[in-house]
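For reference, the chains in residue letters:
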Amino acid sequence: NTSGDEIAETALLEEEFAAATGAKYCLAVASGGYAMTTALRACGVGHGDHVLTNAFTLAPVPGAIAAVGAVPVFIGVTEDLVIDLDDLAAKLRQANVLLLRHMRGHICDMERLMALCDAADVTVIEDCAHTMGAAWNGVPSGRWGHFGCYSTQTYKHMNSGEGGFLICDGAEDMARAIMLSGSYM
């Protein structure tokens, strides 16, 4: 609760996290999984849509896809535990969105991934639950795609017990995400 012109602690945290990642906007949410679900909704993913995602992942990723009624299209991974960009290239036409999981702190060649996705008009949502603070060629994880999703659940880089963040640069995209997240303020 706030009084008068006081700024809520959560709003201050959102501003601070956005600044730390270089994003224009940040939304604090209940979990990293909820950040992904909100990002999918904000990108217009709904019942019956297909979403590309890494085959090597954890339950919140396919759970976020299932929560919006969509169907995962699994992309193989390499021995380096990153998404297989050749398999991605072969499957890009099967969906309009890629929910990319940076699993266990490993980040793929993001320049190549973004070139493939941009050429195919595939929107990238990054799950950075394992890469908060990490970067590919100087660009922080979560800043390559349309949305970046982070977890602050126990054992993550920043621990709040449970929680997460959603970042992006588009004012309309973030406004849509805020409304679709169930936030009021």
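As a reminder, the structure under discussion sits directly above these lines.
In this text, all values refer to a predicted model and were calculated from it rather than measured experimentally. Residue positions within a chain follow its written sequence, with the count starting from 1. It should be noted that, the model being predicted, local features are given only for residues of pLDDT at least 70 and side-chain atom pairs only at 80 or more, the latter also being counted only at that level, while totals for whole chains, interfaces and linings use all residues. Computation of side-chain values: all heavy atoms of the structure, hydrogens and water removed.

Visitor: Which parts of the structure should I look at to understand the nonpolar core?
Guide: Across soluble globular proteins, you tend to see nonpolar side chains buried next to one another. Only buried residues count toward a nonpolar core. Its members are Ala, Val, Leu, Ile, Met, Phe, Trp, Tyr and Cys residues joined through side-chain atoms within 4.5 Å. Under the scheme applied here, a residue whose accessible area is under 20% of the maximum for its type counts as buried, over 50% as exposed, and between as partly exposed, the area being computed with a 1.4 Å probe on protein chains only. Counting residues in each nonpolar core, the largest one holds 23 residues, and the members touching the most others are Leu40, Val51, Leu99, Ile125, Phe147 and Leu166. Helix and strand assignments come from DSSP, with helices taken as H or I runs of at least 4 residues and strands as E runs of at least 2, each series counted from the N terminus. With 5 residues, helix H2 (residues 32-42) is the largest single contributor of residues to this core. When near neighbours in sequence (up to four residues on either side) are disregarded, leucine 40 contacts Val45, Val51, Ala64, Ile65, Val68, Val97, Leu99 and Ile125. Val82, Leu85, Met110 and Ala120 belong to the second largest nonpolar core, which has 21 residues in total. Contacts: residue pairs with any heavy atoms within 4.5 Å of one another.

Visitor: Is there a simple way to explain the side chain of asparagine 54 in this structure?
Guide: Counting through the fold element by element, asparagine 54 comes out in strand E2 (residues 50-54). A relative accessible area of 1% means that asparagine 54 is categorised as buried.

Visitor: What should I look at first to understand the pattern of salt bridges in this one?
Guide: A side chain with one charge may pair with a side chain of the opposite charge, provided their charged atoms come close. The term salt bridge refers to a side-chain nitrogen of Lys or Arg lying within 4 Å of a carboxyl oxygen of Asp or Glu. Here the structure, examined in full by the defined rule, presents 5 salt bridges. Linking arginine 101 and aspartate 127 is a salt bridge whose minimum nitrogen-to-oxygen distance equals 3.0 Å. Here arginine 101, found in strand E4 (residues 97-101), pairs with aspartate 127, found in strand E5 (residues 123-127); they are 26 residues apart in sequence, far enough to count as distant. There is no split in this pair, since arginine 101 and aspartate 127 are both buried. Here aspartate 173 ties to arginine 176 by a salt bridge, and the two come within 2.6 Å at their closest N and O atoms. Taken as a pair, aspartate 173 and arginine 176 lie in helix H6 (residues 171-181) at a separation of 3 residues, close to a single helical turn. Classification of aspartate 173 by relative accessible area gives buried; the value is 16%.

Visitor: Would you take a moment to explain the sheet that holds strand E9 (residues 164-168) for this structure?
Guide: Sheets are built from strands paired through backbone hydrogen bonds, the pairs being either parallel or antiparallel. At least two DSSP bridges between two strands are needed for those strands to be called paired. Ordered in space as E1-E9-E8-E5-E4-E2-E3, the 7 strands form an open sheet in which the pairing is mixed. The sheet is open, and its two edges are formed by strand E1 (25-29) and strand E3 (71-75), each paired on a single side. Looking at each pair of strands side by side, their axes are set apart by 20° on average, direction ignored. With 3 bridges connecting them, E2 and E4 associate as parallel partners. The residue bridging valine 51 from the neighbouring strand is valine 97, located in E4. Angular values range over 0 to 180 degrees, each being the angle between N-to-C directions of two axes fitted as lines to C-alpha atoms, with helices fitted over their stretch in contact. Strands in contact with H6 are E1, strand E8 (147-151) and E9; relative to E1, the strand with the most contacts, it is inclined by about 10°.

Visitor: Even after reading the chapter, I still don't get the pairing of E9, so can you show me in this structure?
Guide: Each regular strand shows side chains that alternate between the opposite faces of the sheet. Of all 5 residues that make up E9, 5 are buried, and the element is covered over most of its length. Judged by which residues are buried, E9 turns out to be covered on both faces: Gly164, Leu166 and Cys168 on one side and Phe165 and Ile167 on the other are all buried. Relative to E9, E1 is paired through 5 bridges, and the arrangement is antiparallel. Looking at the pairing, leucine 27 lines up with leucine 166 of E9. In this sheet, E9 lies alongside E8 in antiparallel orientation, the contact comprising 4 bridges. If you follow cysteine 149 over to E9, its bridge partner there is leucine 166.

Structural measurements only, silent on function.
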